[in-house]
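# Descriptive structure summary
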Amino acid sequence: MGVWLIILMATVLFFTRTSKRGFGLRWGVYMGLWGALWFAGMPLSGFTFQGELWFAGLMAALLTVSTTSCAWYEARR
């Protein structure tokens, strides 16, 4: 979680002009992607891959990459 907070703060500090424009239609797509990954990761890590650290790490990496890449894409627009 600390990595996500650092990424969030860096994005806000470096791209404040983009943040001021607000959120567009793509915001729903980004939140849907995040929600799908989170929703898939919770039951799978709790039931199917219970106690498997590699799966939890994979899901955390997927969440980090997806959220960071979406934020970076929006910030660069």
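Remember, it's a predicted structure, so these values are computed and weren't measured experimentally.

Moving on, we get to the overall build of the protein chain. The secondary structure content of the protein chain amounts to 4 helices and 0 strands. The order of α-helices and β-strands along the protein chain, N terminus first, is α-α-α-α. Buried positions account for 17% of the 77 residues belonging to the protein chain. A fraction of 78% describes how many contacts in the protein chain between residues 6 or more apart in sequence connect residues 24 or more apart. Counting only carbon and sulfur atoms, one obtains 75% of the accessible surface of the protein chain, whose full area is about 6,000 Å².

All right, on to a nonpolar patch on the surface then. Among the surface-exposed residues, Met 1, Val 3, Trp 4, Leu 5, Leu 8, Met 9 and Val 12 lie close enough to one another that they form a single nonpolar patch of about 700 Å² accessible area. You can see Val 12 is positioned in helix H1 (residues 2-14). What makes Val 12 partly exposed here is its relative accessible area of 36%.

On to the confidence of the model for the protein chain. Residue-level pLDDT values for the protein chain average 83, and 87% of them are 70 or greater. Least confident of the elements in the protein chain is helix H2 (residues 16-20), whose mean pLDDT is 59; most confident is helix H4 (residues 53-76), at 90.

Geometrically, a pair of aromatic rings is defined through the distance of the ring centres and the angle of the planes. The full count for this structure, using the stated rule, is 4 aromatic pairs. Where Trp 34 meets Trp 38, the ring centres are 6.3 Å apart and the plane angle is 20°; that geometry is what we call stacked. Here the residue Trp 34 and the residue Trp 38 both occupy positions in helix H3 (residues 26-48), the gap between them amounting to 4 residues, near one helical turn. With relative accessibility at 35%, the residue Trp 34 sits in the partly exposed group. We classify Trp 38 as partly exposed; its relative accessible area is 39%. When the centroid spacing of 4.4 Å and the interplanar angle of 20° are considered together, the rings of Phe 49 and Phe 55 count as stacked. Here Phe 49 falls in the partly exposed class, since its relative accessible area comes to 26%.

Procedures and definitions
Residues numbered from 1 in each chain as written. Predicted model: local features only at pLDDT ≥ 70, side-chain atom pairs only at ≥ 80, totals over all residues. Heavy atoms only, no water. Helix = DSSP H or I, 4+ residues; strand = E, 2+ residues; numbered from the N terminus. Buried < 20%, exposed > 50% of the residue type's maximum accessible area, 1.4 Å probe, protein only. Contact = heavy atoms within 4.5 Å. Areas by Shrake-Rupley, 256 points an atom, 1.4 Å probe, with all protein chains shown as cover. Patch = residues over 30% accessible without salt bridge, like charges linked within 9 Å, V, L, I, M, F, W, Y side chains within 5 Å. Salt bridge = Lys/Arg side-chain N within 4 Å of Asp/Glu carboxyl O. pLDDT = per-residue confidence, 0-100. Phe/Tyr/Trp six-rings, centres within 6.5 Å; stacked < 30°, edge-to-face > 60°.

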